[in-house]
Amino acid sequence: MTCKALAPLLLVSSALAAPVASQSTLPLPATAAGSDRALSAETRSRALVAAMTTEEKLAIVHGYFPPLAKPAQPIAMVSSAGHVPGVPRLGIPILRESDASLGVANQIEQRKGDTATALPASIATAATFNPALAYAGGAMIGAEARAKTFNVLLAGGVNLTRDPWNGRNFEYLGEDPLLSGVMAGEHIRGVQSNHIVSTIKHFALNAQETGRTVLDARIDKAALRESDLLAFEIANEIGQPGSVMCAYNKVNGDYACENDWLLNTVLKQDWGYKGWVMSDWGAVHSTDKAALGGLDQESGQELDDAIHFGKPFEEAVKAGRIPMARLDDMVERILYGMIATGLMDDPVPATARQIDYAASAEVAQRAAEEGIVLLKNEGDLLPLAKTARRIVLIGGHADVGVLSGGGSSQVRSVGGVPVEIALTKGAAASFARMTWHASSPLKAIQALVPQAEVTYVDGSDARAAAQAAKSADLAIVFGWQWQTEAQDPETMRLPGNQDAVIDAVASANRKTIVVLETGGPVEMPWLAKVPTLLEAWYPGQRGGEAIANVLFGDVAPSGRLPITFPASAAQAPRAQPAGLAELHAADARREAGDTSNYGMTGGVAPFAVDYPEGAEVGYRWYAKTGRKPLFPFGHGLTYTRFVYANLNVQDGAALTVSFDVTNTGARVGAAVPQLYVEAKGSAGIAAWRLAGFDKLSLSPGETRRVSMTVDPRVIARFDEARRKWQLDGGAYALAVGRFAGDAALRGSAMLRPQTIKP
Ligand code: BGC
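About the criteria used
Residues numbered from 1 in each chain as written. Predicted model: local features only at pLDDT ≥ 70, side-chain atom pairs only at ≥ 80, totals over all residues. Heavy atoms only, no water. Helix = DSSP H or I, 4+ residues; strand = E, 2+ residues; numbered from the N terminus. Rg over C-alpha atoms; globule rule 2.2 N^0.38 Å. Buried < 20%, exposed > 50% of the residue type's maximum accessible area, 1.4 Å probe, protein only. Contact = heavy atoms within 4.5 Å. Areas by Shrake-Rupley, 256 points an atom, 1.4 Å probe, with all protein chains shown as cover. Lys, Arg positive; Asp, Glu negative; His and termini not counted. Charge placed at Lys NZ, Arg CZ, Asp CG, Glu CD. Disulfide = S-S within 2.5 Å. 1 Å grid on protein atoms, 1.4 Å probe; cavity = no way out; pocket = protein on both sides within 12 Å on 5 of 7 lines; lining within 4 Å. Points joined across faces, edges and corners; volume = space filled by probe spheres on them. Pairing = 2+ DSSP bridges. Expected span 1.5 Å × (residues − 1). Axes fitted to C-alpha atoms, helices over the stretch in contact; angles between N-to-C directions. Left-handed = near helix turned anticlockwise from the far one by under 90°. Nonpolar A, V, L, I, M, F, W, Y, C, P; charged D, E, K, R; others polar. Near = heavy atom within 4 Å. Polar contact = N/O pair within 3.5 Å; in protein donor to acceptor, adjacent residues only side chain to side chain. Phe/Tyr/Trp six-rings, centres within 6.5 Å; stacked < 30°, edge-to-face > 60°. Core = buried A, V, L, I, M, F, W, Y, C linked by side-chain atoms within 4.5 Å.

*Asks:* Account for the overall build of the protein, naming residues and giving values.
*Replies:* What the protein contains, in helices and strands, is 21 helices and 31 strands. Its C-alpha radius of gyration of 26 Å places the protein within 12% of the 27 Å reference for a compact globule of 758 residues. Taken along the three principal axes of its C-alpha coordinates, the protein extends 80 × 60 × 50 Å. Burial status across the protein gives 62% buried among its 758 residues. In the protein, of all internal contacts separated by at least 6 residues, the share reaching a separation of at least 24 is 76%. Accessible surface for the protein amounts to roughly 26000 Å². Of this, 54% is attributable to carbon and sulfur atoms. In the protein, which carries 70 positive and 78 negative side-chain charges, the distance between the mean positions of the two groups comes to 3 Å.

Now the structure itself:
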């Protein structure tokens, strides 16, 4: 323990030492104060800590991983991600933790028969550009979780997409800090509206899955503040999550879960975060360093190489290496998160309750419909006429369902699992299976066009697929790429023979529509031949219906890309996951018969990943390096047209931009105006940054005025030496457009210099 590491902790403790009586006229006994709803969450958590024994405190700073847990006495443990015992005599409830990015998860059906509503992938929710839908999704998941007796949801994934191939991009909200931060914040707010805790994760820079438990992510600190950390900062402000989950990887040399700079300096001091930091599962590597570095609770302890916050922690406290004040701070933070979210005062039911799955499914369908992005529509092939006679669907198991992403977010969806394929190798094999939700595009299309003959061929044979396409009026090919936590795809190509199938089908029938079910961008060597392309992501348990409704125009497409689609992997900052050599070496050792249990590392030797692009993530990188992607960030077509006019800029101390948007086409549609401002990055580089967005549905001929006030942090640079945002005074160019790089309206603003606390 160093004095430097302790200083911030002492500061925290003295700040929390505000007298209890100041909030209440009568001095209450500590336990009564703990349950007095009239008092602040800080006061109550402090009072509860004062009433706890050391043993009780020690018991709640680490939690079980139920599938592997062997508690000394039987405890009421549900099979899920985590369990932390409560303190019944003080009314402190058990924490039952479930994964929940896209719905209440039930990986590899650990709870037999327990289904839940599966939302589309988070990237699809981000593509809606509609914060209200992010909130609705969170509220739905939270309600289902509560009814299933879970009170802590491991939701709120907000890592920025730095690499198009990251295996977990589907669980995140894209590449822009403002969009990601707002959407994550709203999702968390929705979850917590049910009086349960949501996490925000994975703090920070868990930007690839290859070697995630051993890699050292290296980046300039100021650049990190302006990008990934800004997304967390915005989401924290909006969502106020009860807990923050620190990541597996190292950041600039220290593991994220023992990273004093990340956890103490940035999160707790600079942002004033009052909740608790829980580790990712198997992400704790030390006791003293982690506790003093800001970790408040070890999760899924059986997955760590030792139960670091168990016996070794107790000994460290006894020996004075971890001060009692720090243990108190940890427990106070846990209790604060429980009280501030309402979890403590409005406990979840003791036994499972009925769920209105029909209502939940509506939420899933709306998110899927608004998240689908129409990438290309040459000759206005879409919306399809309902007079079509013979339609053939090809590939992607579109006869029975839609693809889901894999890993801890896996929901066992209502309606069942028509296709499920176990993995035989790879880091995800123990907890992920390739899974399709039972939402059949074939059935949904047939329901919309009952007079048509809608058939399906599986796409295993390119010639048979082309033949079927030739004899149909139109062909809809489903291209898919499964992604999962714990692995990165090594290429951006659609797997198997899919490129050949799409090529052959498009050659056989001009009226070919490709529907992609992917977690992010893929290379599209066939694109020039294909007139019509939809990105449906992993569209969740109502995905089939959503796809059909968009294809036939029952729903106007309104999604926009929350990530850039590069023309090829070579355009991205890193063409491949770093650490592939280390991963392949570990695989080779296993194949040669090495049966070592490598635990969480999978035997992968440590390596570094450099992020020299710094804050210029995604579209900013393409702009900075002059690369023209296949489809830019923010892109998405509609079945109508929009015109932007009458730009007004109010500048000076703050920046507010307003303009008119008119639907000049013949159909209802949603415009997603985006404001980009040219900011000065930390390295002094001018860069365009998304500074505002909106989504508005307009009838033909309708005009509406849009106004956006810019959060100055989005366009400021971070001064790491002073630990402050610095908005330089002077002229800023701005553009209002439909995607990154577009400028339907141009303007400029004169801004006064401003220093903003982080
Ligand atoms: C994932 C987390 C998840 C946890 C518990 C980890 O492997 O990275 O996102 O919440 O497992 O299942």
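Now that the structure has been shown, the text picks up again.
*Asks:* Tell me about the state of the cysteines, and name the residues and values.
*Replies:* In the structure shown here, the tally under the stated rule is 1 disulfide. Disulfide partner of Cys 246: Cys 257, at an S-S distance of 2.1 Å. What sets the handedness of the Cys 246 and Cys 257 disulfide is the S-S torsion sign, and at about 110° it is right-handed. Taken together, the residues Cys 246 in strand S6 (residues 243-246) and Cys 257 in the loop between strand S8 (254-255) and helix H10 (260-270) connect sequence positions 11 residues apart. Accessibility classification places Cys 246 together with Cys 257 in one group, the buried group.

*Asks:* Requested: an account of the layout of surface pockets, with residues and values cited.
*Replies:* Taken as a whole, the second largest pocket encloses approximately 540 Å³ of empty space. Forming the walls of the second largest pocket are 20 residues, and the residues nearest its centre are Glu 55, Ala 59, His 62, Tyr 64 and Pro 85. Where the lining of the second largest pocket is concerned, the elements lending two or more residues are helix H4 (54-59) and helix H12 (311-318). Of the residues forming the lining of the second largest pocket, the biggest block, 4 residues, is contributed by H4.

*Asks:* A description of unusual backbone geometry should follow, citing residues and the corresponding values.
*Replies:* Cis geometry marks the peptide bond from Lys 201 to His 202, where omega comes out at -10°. The residue His 202 is located in strand S4 (residues 197-203) in this model. Of note, the bond from Leu 382 into Pro 383 is cis; its omega dihedral lies within 30 degrees of zero at -5°. Relative to the assigned elements, Pro 383 resides in the loop between strand S10 (373-377) and strand S11 (390-394). Located in the positive-phi region is Leu 205, a residue other than glycine, with phi close to 65°. Looking at the element boundaries, Leu 205 is found in the loop between S4 and strand S5 (216-218). Of the residues examined, Leu 205 reaches a relative accessible area of 1% and is grouped as buried. The residue Asn 646 is not glycine, and still its phi comes out positive at about 55°.

*Asks:* Got a sec to walk through the sheet that holds strand S19 (residues 608-610)? Specific residues and values, please.
*Replies:* Strand pairing in a sheet is mediated by backbone hydrogen bonds. Such pairs are either parallel or antiparallel. Pairing is mixed across the open sheet formed by 4 strands, whose spatial order is S8-S7-S5-S19. Where the open sheet ends on each side, the last strands, each with one partner, are S8 and S19. By the bridge criterion, 3 bridges tie S5 to S19 in an arrangement that is parallel. Bridge pairing in S19 links Arg 218 to Asp 610.

*Asks:* Run through helix H6 (residues 131-147), naming residues and quoting values.
*Replies:* With 17 residues, H6 extends 24 Å from end C-alpha to end C-alpha; this agrees with the ideal 24 Å at 1.5 Å per step. With 13 of 17 residues buried, H6 is to be regarded as a mostly interior element. Phi turns positive one or two residues past the end of H6, at Thr 149, with a value near 75°.

*Asks:* So what about the pairing of strand S2 (residues 95-99)? Which residues, and what values?
*Replies:* Of all the 5 residues making up S2, 5 are buried; the element is thus mostly covered by neighbouring parts of the structure. Residues Leu 95, Glu 97 and Asp 99 point to one face of S2 and Arg 96 and Ser 98 to the other, with burial holding for every one of them. In terms of strand pairing, strand S1 (residues 82-84) meets S2 through 3 bridges, oriented antiparallel. When the bridges of S2 are listed, Val 84 appears paired with Leu 95. As defined by bridge partners, S2 adjoins strand S3 (residues 152-154) across 3 bridges and the pair is classed as parallel. For Glu 97, the partnering residue across the bridge sits in S3 and is Val 152.

*Asks:* Summarise the packing of helix H7 (residues 177-192) against helix H9 (residues 228-239); cite the residues concerned and give the values.
*Replies:* The interhelical angle for the contact between H7 and H9, taken along N-to-C directions, is 30°, at an axis separation of 7 Å. In this structure, H7 meets H9 at a crossing whose hand is right-handed. Where H7 abuts H9, its residues Pro 177, Leu 178, Ser 180, Gly 181, Val 182, Ala 184, Gly 185, Glu 186, Ile 188, Arg 189 and Gln 192 lie against Leu 230, Ala 231, Ile 234, Ala 235, Ile 238 and Gly 239. For the contact of H7 with H9, the residue count by class is 10 nonpolar, 5 polar and 2 charged.

*Asks:* Run through the site of the ligand, naming residues and quoting values.
*Replies:* Residues in contact with the ligand amount to 13 residues; listed here are only the nearest, Asp 99, Arg 168, His 202, Asp 280 and Glu 485. Here Arg 212 contributes a side-chain N or O atom positioned 3.4 Å from an oxygen atom of the ligand. The contact in question runs from an oxygen atom of the ligand to an N or O atom on the side chain of Tyr 248, over 2.8 Å. For the ligand, the protein covers 92% of the area, taking 310 Å² as the surface of the free molecule.

*Asks:* Kindly report on the packing of aromatic side chains, identifying the contributing residues and their values.
*Replies:* Aromatic rings in a pair are described by how distant their centres are and how their planes are angled relative to each other. Considering all chains together, one arrives at 12 aromatic pairs under this definition. Seen in terms of ring centroids, Tyr 619 and Tyr 676 are 5.8 Å apart; in terms of plane orientation they differ by 80°. Their pairing is edge-to-face. Of the two residues, Tyr 619 sits in helix H20 (residues 619-624) while Tyr 676 sits in strand S23 (residues 674-680), which places them 57 residues apart along the sequence. No difference in accessibility class separates Tyr 619 from Tyr 676, as the two residues are buried. Through a chain of ring-to-ring contacts, the aromatic side chains of Phe 129, Tyr 619, Phe 633, Tyr 676 and Phe 693 assemble into a single cluster.

*Asks:* Describe in detail the sheet that holds strand S13 (residues 419-422), supporting the description with residues and values.
*Replies:* Spatially, the 3 strands line up as an open sheet ordered S12-S14-S13, and their pairing is antiparallel. Each of the sheet's edge strands pairs with one partner strand only, and the pair in question is strand S12 (402-403) and S13. When S12 meets strand S14 (residues 433-437), the two strands line up antiparallel, connected through 2 bridges. Its bridge partner being in S14, Leu 403 is matched across the sheet by Trp 436.

*Asks:* Describe the nonpolar core, listing the residues and the values that go with them.
*Replies:* Counting 129 residues, the largest nonpolar core has Phe 203 and Ile 715 as its most contacted members. Here the element with the most residues in this core is helix H13 (residues 324-340); it accounts for 8 residues. Once you skip the residues sitting within four places of it in the chain, Phe 203 turns out to touch Leu 229, Phe 232, Val 244, Met 245, Cys 246, Ala 247, Ala 256, Leu 262, Leu 263, Leu 267 and Trp 271. Within the second largest apolar cluster, 44 residues are counted, among which are Val 477, Ala 486, Leu 516 and Met 524.

*Asks:* Requested: an account of the environment of Ala 350, with residues and values cited.
*Replies:* Within the element layout of this structure, Ala 350 appears in the loop between H13 and helix H14 (357-371). For Ala 350, a relative accessible area of 74% gives the class exposed. Placed 202 residues apart in sequence, Ala 350 and Lys 148 show a C-alpha to C-alpha distance of 9.0 Å.

Purely spatial values, then, with no claim about function.
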